[in-house]
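Now for the letters of each chain:
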Amino acid sequence: MALELKQQLRQGQHLVMTPQLQQAVKMLQMNTIELVELIDQELQENPLLEIEEQAPEPEAKERDEIDAEAFANYLDSGVERTLTNFNNYRNEMPSYESTVARDDSLHEHLEWQVRMLELTDEERAVALFIIGSLDDSGYLQGDSGEAAAEAGGSPEVYERVLKRVQGLDPIGVGARDLKECLLIQAGHRYGEHALPVRIIKECMHELETRNYVRIAKRLGVEEEVANEAIRKVLALEPKPGRRFSTEETAYITPDIYIHKVDGDYVITLNDSGMPRLRINQLYRSAARQKNLPADAKEFIQNKLSAATGLIKSIDQRQRTIYRVTESIFRFQREFLEKGVEYLRPLVLRDVAEDVGLHEGTVGRVTTNKYVHTPRGIFELKYFFNPGIQRQDGGADMASEAVKAEIRRLVQSEDPQKPLSDQTLVELLKKANINIARRTVTKYREVMGILPSNKRKQLV
């Protein structure tokens, strides 16, 4: 069989993601804060970009008198020199961290107390090892036997030191489980033989299921006496390390604002902190100089293309976000007027067809974007909900509207006789909402609502 080489010409169409298109797609997924950070980076890297308010355009006569050779030398010396004075000033300023006081962590707070205790070197080493084994809630992680060997002390020393650590502030740290944590606190506060301690030791299951009547019977005391002791137990801290939590609060900056003006709703994009960009005419004019070196001219052309693409991508992003938001609230206008209960079922395809975009584009636009409405701040994705069919054949309800109805029923229930999931199903049916009990359970868990046996409160 002979092998033969041939050349063939084929014509076809392929979708090529140019750098500009890739940038535009990436920017659609960014929120306002991320976009501002990108613009700041581009301003530092691209000398052809400038902010309108900060860099007034030179007069035409001044631009025409630029010497090309001097400009080329300027490029050789580094195009970033215009930032030098600002960077020097910024470097002289104290850092943010040096001006902000920081609270001690749980581990630092405990280590400080250990240093105040009279301990042998061995005991102090074990105490520090125990502190290092605590999680953010203050619970001890790992097996005690293995930990004792790893800490370099005997099991007896380990247990003795652990008791000392468990007596430090906050009371209850170093516990291995919830029951031990509550026992440490109750014993310290009420005494080892007090009724709250007995409840924790003997009736933990009933306490978790809130079967308060059974607790009174098991302990052989009157319900009022048992209820008073139960209140003391419920007042204990199940996570003693909570107040030292290092988790930072996440602050949301809305990307879109919706305000009601003269009976209509007006959409405004949040451009706070976002600079208005333009092309530096000084560089553009220099590129037209006939005696400009080829490498300098190529540099300017590349940067000009990047700057133009960035400005167009930002403009396209803003217009796309506006169109998608406008479409969402054409569907969800009743939400703006009446609240969550009036959310309509909505899917990405509905908005995509309305504005003439691909579903993937709508998905990217609504990712990590927040809108400030008269009803509060919501992620754009919040307004996309599958439909729940009404029992009377009326218009479908959005799943978020059903969740809101469940939340309303739970909030209005008798705290001494909380509603079971089956009872919620029956009440929803009366409101022409026909859903299964497992769906009610799923929605309740998603909203962080405890089951009925754990919502029961004391008289």
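Anything mentioned here points back to the structure above.
Now for a description of the structure that goes with this document. For clarity, every value in this text was computed on a predicted model and none was experimentally measured.

## Quick word on the packing of aromatic side chains
Counting across every chain of the model gives six aromatic pairs. An angle of 70° between the planes, with centres 4.9 Å apart, marks the rings of F329 and F383 as edge-to-face. Note that F329 is positioned in helix α16 (residues 294–331) and F383 in the loop between β6 (376–379) and β7 (387–388), a separation of 54 residues in sequence. Residue F329 shares its accessibility class with F383, and that shared class is buried. Consider the rings of Y382 and F383, whose centres lie 5.4 Å apart with planes at 90°: the pair is edge-to-face.

## As for empty space enclosed by the protein
All told, the structure shown has one cavity of 30 Å³ or more when counted by the stated rule. Of the pockets and cavities examined, the largest cavity occupies roughly 40 Å³. Along its surface, the largest cavity is lined by T32, D255, L269, N270, R317, Q318 and I321. Looking at the lining of the largest cavity element by element, the count peaks at three residues for α16. Here the lining of the largest cavity is composed, by residue class, of two nonpolar, three polar and two charged.

## Considerations on the sheet that holds strand β5 (residues 370–373)
Backbone hydrogen bonds hold the strands of a sheet together, and the pairing may be parallel or antiparallel. Spatially, four strands are ordered β3-β2-β5-β6 in an open sheet, and the strand pairing comes out mixed. With partners counted over all chains shown, the strands left at the sheet margins are β3 (264–269) and β6, one partner each. When the angles between neighbouring strand axes are averaged without regard to direction, this sheet yields 25°. Bridge analysis of strand β2 (residues 256–261) against β3 gives six bridges, and the strand direction is antiparallel.

## Remarks on unusual backbone geometry
A cis amide bond links D169 with the next residue in sequence, P170, at an omega value of 0°. Assignment of secondary structure puts P170 in the loop between α9 (155–166) and α10 (178–190). A positive phi angle, near 60°, is found at R210, a position not held by glycine. Inspection of the secondary structure assignment puts R210 in the loop between α12 (204–208) and α13 (212–219). The partly exposed category is assigned to R210, whose relative accessible area is 22%.

## Side note on the environment of V157
Counting through the fold element by element, V157 comes out in helix α9. V157 sits in the buried class, given a relative accessible area of 9%. Along the primary structure V157 and V126 are separated by 31 residues, whereas in three dimensions their C-alpha atoms are 8.1 Å apart. Once residues lying within four places of it in the same chain are set aside, the contact partners of V157 are E122, E123 and V126.

## Notes on the pattern of salt bridges
All told, the structure shown has 21 salt bridges when counted by the stated rule. E123 serves as the salt-bridge partner of R160, at 3.1 Å between the closest nitrogen and oxygen. Residue R160 is found in helix α9, and its partner E123 is found in helix α7 (residues 121–132); the two are separated by 37 residues along the sequence. We note a salt bridge from R218 to E206, for which the minimum N-O separation is 3.2 Å. Within this pair, whereas R218 is found in helix α13, its partner E206 is found in helix α12, the two being separated by 12 residues in sequence.

## Remarks on the packing of α16 against helix α19 (residues 359–366)
Relative to each other, α16 and α19 sit at 95°, their axes nearing to 10 Å. Taken as axis vectors, α16 and α19 run roughly perpendicular relative to one another. Residue-level inspection shows T320, I321, V324 and I328 of α16 in contact with α19, the latter providing T361, V362, V365 and T366. Here the residues of the contact of α16 with α19 are counted per class, giving five nonpolar, three polar and no charged.

## Topic: the packing of helix α1 (residues 19–29) against α19
Geometry of a packed helix pair, given as the angle between the helix axes and the separation of the axes. One can describe the packing of α1 onto α19 by two numbers: an axis separation of 6 Å at closest approach and a directional angle of 50°. As far as their axial angle goes, α19 and α1 are oblique. Here V25, L28 and Q29 of α1 come into contact with α19, specifically with T361, R364 and V365. Classifying every residue of the contact of α1 with α19 gives three nonpolar, two polar and one charged.

## Structural notes on the nonpolar core
Grouped together as the largest cluster of nonpolar side chains are 27 residues, with contacts concentrated most on I328, F329, F335, V351 and F383. Broken down by secondary-structure element, the contributors of at least two residues to this core are β2, β3, α16, α17 (333–338), α18 (348–355) and α19. Looking at which element gives the most residues to this core, the answer is α16, with four residues. If we skip the residues at most four places from it in the chain, V351 touches V324, S327, I328, F331, L346, V362 and F384. Counting 23 residues, the second largest nonpolar core, distinct from the first, contains L35, A286, A296 and A307.

What counts and how
Residues numbered from 1 in each chain as written. Predicted model: local features only at pLDDT ≥ 70, side-chain atom pairs only at ≥ 80, totals over all residues. Heavy atoms only, no water. Phe/Tyr/Trp six-rings, centres within 6.5 Å; stacked < 30°, edge-to-face > 60°. Helix = DSSP H or I, 4+ residues; strand = E, 2+ residues; numbered from the N terminus. Buried < 20%, exposed > 50% of the residue type's maximum accessible area, 1.4 Å probe, protein only. 1 Å grid on protein atoms, 1.4 Å probe; cavity = no way out; pocket = protein on both sides within 12 Å on 5 of 7 lines; lining within 4 Å. Points joined across faces, edges and corners; volume = space filled by probe spheres on them. Nonpolar A, V, L, I, M, F, W, Y, C, P; charged D, E, K, R; others polar. Pairing = 2+ DSSP bridges. Axes fitted to C-alpha atoms, helices over the stretch in contact; angles between N-to-C directions. Contact = heavy atoms within 4.5 Å. Salt bridge = Lys/Arg side-chain N within 4 Å of Asp/Glu carboxyl O. Parallel < 35°, antiparallel > 145°, perpendicular 65-115°, else oblique. Core = buried A, V, L, I, M, F, W, Y, C linked by side-chain atoms within 4.5 Å.

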